[in-house]
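The residues making up each chain are set out below.
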Amino acid sequence: MSAPSSPVLPTSAFADGPRLLADVGGTNARFALEVAAGHITLVEVLPCADYPSLSAALQAYLALPHIAAAGGQAVRHAVIAIANPVDGDFLSMTNHHWSFSIRAMREECGFTTLDVVNDFTALARSLPQLSNEQKHQVGAGTARPNTAIGLIGAGTGLGVSGLIPSHGGWIALQSEGGHVSFAPFNEVEVSILQFAWREYEHVSAERLISGDGLELIYRALADRAGVPAEALPAAEITRRALAGESQLCDDVIEAFCCMLGTVAGNVAVTLGALGGIYIGGGIVPRLGARFDRSGFRARFERKGRFANYVSQVPTFVITAQYPAFLGASAILSEKLASL
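The rules behind the values
- Residues numbered from 1 in each chain as written.
- Predicted model: local features only at pLDDT ≥ 70, side-chain atom pairs only at ≥ 80, totals over all residues.
- Heavy atoms only, no water.
- Domains from an automatic or database assignment.
- Contact = heavy atoms within 4.5 Å.
- Buried area = accessible area lost by both parts, 1.4 Å probe.
- Salt bridge = Lys/Arg side-chain N within 4 Å of Asp/Glu carboxyl O.
- Nonpolar A, V, L, I, M, F, W, Y, C, P; charged D, E, K, R; others polar.
- UniProt positions renumbered as here; feature names shortened; annotations may be inferred.
- Helix = DSSP H or I, 4+ residues; strand = E, 2+ residues; numbered from the N terminus.
- Buried < 20%, exposed > 50% of the residue type's maximum accessible area, 1.4 Å probe, protein only.
- Lys, Arg positive; Asp, Glu negative; His and termini not counted.
- Polar contact = N/O pair within 3.5 Å; in protein donor to acceptor, adjacent residues only side chain to side chain.
- Pairing = 2+ DSSP bridges.
- Axes fitted to C-alpha atoms, helices over the stretch in contact; angles between N-to-C directions.

S.K.: Is there a simple way to think about the domain arrangement of the protein in this case?
M.R.: The accessible area lost on association of the parts is a frequent measure of interface size. For the protein, the assigned domains are domain 1 (19-124 + 322-338) and domain 2 (135-319). The straight-line distance from the C-alpha centre of domain 1 to that of domain 2 is 27 Å. Across the contact, 13 residues belong to domain 1 and 19 residues belong to domain 2. Together domain 1 and domain 2 conceal approximately 1000 Å² of surface at their shared face, both sides included; 64% is due to carbon and sulfur atoms. Of all residues in domain 1, Phe120, Thr121 and Ala124 bury the most surface against domain 2, accounting for 50% of the area lost on that side. Counting the contacts that link domain 1 with domain 2 gives zero salt bridges. Residues belonging to the side of domain 1 that touches domain 2 are distributed by class as follows: six nonpolar, seven polar and no charged.

Below you can see the structure in the form of structure tokens.
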């Protein structure tokens, strides 16, 4: 997505120039400029595989003619939301080959401020700002005010986070809940887990509830059915399922949605997320009505003695195009206010 080459900057533009916002996953790096409070523009999506490092991708974005014309070369403050644990100065991405020192990148790019946070921490911070048009409720339930909110999302990996209310604001959790051990619900999922054990000693929820996970579920279900598995990427599995071309591919999508329901229900009871569970990531929004028809919500509520508890919790699919930028902006603003 590209914005006009000569944007009209708002009169309330930041005195020290635009701020850089980045949302970096294992497949794509998304960049934008915040030219005034809440005015986020000039979004570009760059494939991670096209650049040797995150710094190279970041500087390529700032050097684009229309970004430079909007003040990109003068950026002093930046925040990067990244699909990775953030603990200390040096980061090595779980789902991509990039690694970097935060301090060295700040100096290399000439930033005064560079904050790096987990991508789902940033996404979680966006949740209270989403309008009704930026989310879609699946199933029943009503959000209770001033209660915890949960967040999950499947894409290249499986992200998990949440928000805890605190003194009129929110605390975003820095969670790596996607790496908990996968818990099968029925015999079919037991067979999928047993198949996955042939390839992995530890099968996390992310191994199955992700893009690579769709491919793994496909191979497992083909093996269970005794039919040859084609070398299908996740996008083709999804396409065939949505087009009604393959019962096997549709079974993969159904299994995926139900597994996601288990994880979502686990997050709900773990956090006491009576404020709702939100679903982000790149996969579920692409499923559209197929997700609504899936067993996701029924599985979400299958919590035995706690079925009545989780049935009160609403579940929402995030439909906003770039929601993590909203959360990243809030995090950077708070950091600058504290300096």
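S.K.: Before we go on, may I ask you to explain the UniProt feature "binding site: ATP" (unreviewed entry) in the protein in this structure?
M.R.: In this numbering, the UniProt entry assigns the feature "binding site: ATP" (unreviewed entry) to Ala22, Asp23, Val24, Gly25, Gly26 and Thr27. Ignoring any residue separated from it by four or fewer positions in sequence, one finds Ala22 in contact with Arg30, Phe31, Val79, Ile80, Ala81 and Phe325. Along the chain, Asp23 turns up in strand S1 (residues 19-24). Overall, the relative accessible area of 14% leaves Asp23 in the buried class.

S.K.: Help me understand the side chain of Glu206 in this model?
M.R.: Considering the arrangement of structural elements, one finds Glu206 in helix H6 (residues 205-208). Arg207 provides the closest opposite charge to the buried, unpaired Glu206, separated from it by 6.4 Å. There is a polar contact of 2.9 Å between the side chain of Glu206 and the backbone nitrogen of Leu158. Once residues within four sequence positions are removed from consideration, Glu206 is found in contact with Asn95, Gly157, Leu158, Gly178 and His179.

S.K.: Sorry, what's going on with the sheet that holds strand S3 (residues 39-47) here?
M.R.: Either a parallel or an antiparallel arrangement is found when strands of a sheet pair, and the pairing is made through backbone hydrogen bonds. Taken in spatial order, the five strands line up as S3-S2-S1-S4-S7 in an open sheet, and their pairing is mixed. Unpaired on one side and paired on the other, S3 and strand S7 (113-118) mark the two borders of the sheet. Mean inter-strand twist for the sheet, computed between neighbouring axes without regard to direction, equals 15°. As defined by bridge partners, strand S2 (residues 28-36) adjoins S3 across seven bridges and the pair is classed as antiparallel. By the bridge assignment, Ala36 is partnered in S3 with His39. Where helix H4 (residues 119-126) meets the sheet, its contacts fall on S1, strand S4 (77-82) and S7, and the angle it forms with S7 comes to roughly 90°.

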